[in-house]
Structures are given as C-alpha cells and as structure tokens.
Amino acid sequence: MANTIRHQGIVENINGSHLQVRIIQTSACASCSVKGHCSSADTKEKLIDITDTGVYVYQPGDRVWVIGELSMGAMAVLYAFILPFFIVIFSLFIFMAIWNDELLSALCSLVLLIPYYYILWLNKSRLKKKFSFSIKPMN
C-alpha cells in the first residue's frame, strides 16, 4: 500500500466500463489552520478517466477511492520535465560547438522540444495505458 497514491472521489459519469471520477486535489498545506491568510494553500477539482475492469457496479454519485501507482508520478515527471531538460542542455552544448553562436544555439535547442512533445502526443494511447488509475469503492 505504500507504493500507491489514493484520492477520494465521486463518480460523475459512466459510459459502459469508462468512468469519470471527480477528485479534489489539495496542496500539502490546505489543512493548515492559517490557510485562509496564506496564498499558497489551494485546491483543484479534476476529472479522472478510469476504465473499470472490476466486478463492482458503480452509480453516479458513489464515493470511491482513485488509486494510482507512485511510480506513475515519477515516470510522468521523467517524460514531462527531466528528459526535455537533458535534450535542451545536451543539444545546446552540441550546437555551441558547431556554430559558436549562443542565440542560434539556444533557439535550436528549444525548437528540438517541439518534435519531442509531438512524439509524446502521437504516443498518447500507449501512454494512457501506462498511466492508468484503478478504482475501489469506499466502505
């Protein structure tokens, strides 16, 4: 259980085995007693798409647990931030060695992010399978 992230949610919409669950994501300081006087305490409502393969029949309005693997978060950070960072840094050094022009090298390094994120977008169905959530009823 230590390798999972759990959020309370409410089933919003059901279409066959496809469920939409509304969760309220709160920051770590949202439960602080002085959150009304602080600008960093925030909450966000999000709709999570889940493909249910369980035996439990859900109805709209049911309170559920949305469960995700902790490794999904680390993998998402890797794909969204760490790999693009290394692409920019390494390409910047390579372009600087070739052209010796800082502005052109920086622009070309940033332009390399366009095909990277386009490739991610093309693989969104594969990534959706990799980054999937499960659902369990609250008892």
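Read on for a plain summary of the structure.

Thresholds applied
- Residues numbered from 1 in each chain as written.
- Predicted model: local features only at pLDDT ≥ 70, side-chain atom pairs only at ≥ 80, totals over all residues.
- Heavy atoms only, no water.
- Helix = DSSP H or I, 4+ residues; strand = E, 2+ residues; numbered from the N terminus.
- Contact = heavy atoms within 4.5 Å.
- Areas by Shrake-Rupley, 256 points an atom, 1.4 Å probe, with all protein chains shown as cover.
- Salt bridge = Lys/Arg side-chain N within 4 Å of Asp/Glu carboxyl O.
- Buried < 20%, exposed > 50% of the residue type's maximum accessible area, 1.4 Å probe, protein only.

Quick look at the overall build of the protein
Regarding its fold elements, the protein presents 4 helices and 5 strands. Starting at the N terminus and ending at the C terminus, the protein contains elements arranged as β-β-β-β-α-α-α-α-β. Here the contacts in the protein between residues at least 6 apart in sequence split such that 64% fall between residues at least 24 apart. A total of about 10200 Å² of accessible surface is found on the protein, and carbon and sulfur atoms cover 63% of it.

Re the pattern of salt bridges
Should the charged atoms of two oppositely charged side chains come close, the side chains can pair. The final tally for this structure, using the stated rule, is 2 salt bridges. As a salt-bridge pair, Glu12 and Arg22 come within 2.9 Å of each other at their nearest N and O atoms. Of the two residues, Glu12 is situated in strand β1 (residues 4–15) and Arg22 in strand β2 (residues 18–26); the sequence distance between them amounts to 10 residues. Among the residues examined, Glu12 registers a relative accessible area of 36% and is labelled partly exposed. Taking the relative accessible area as the measure of exposure, Arg22 reaches 24% and is therefore partly exposed. Where salt bridges share partners, they join Glu12, Arg22 and Glu45 into one cluster.

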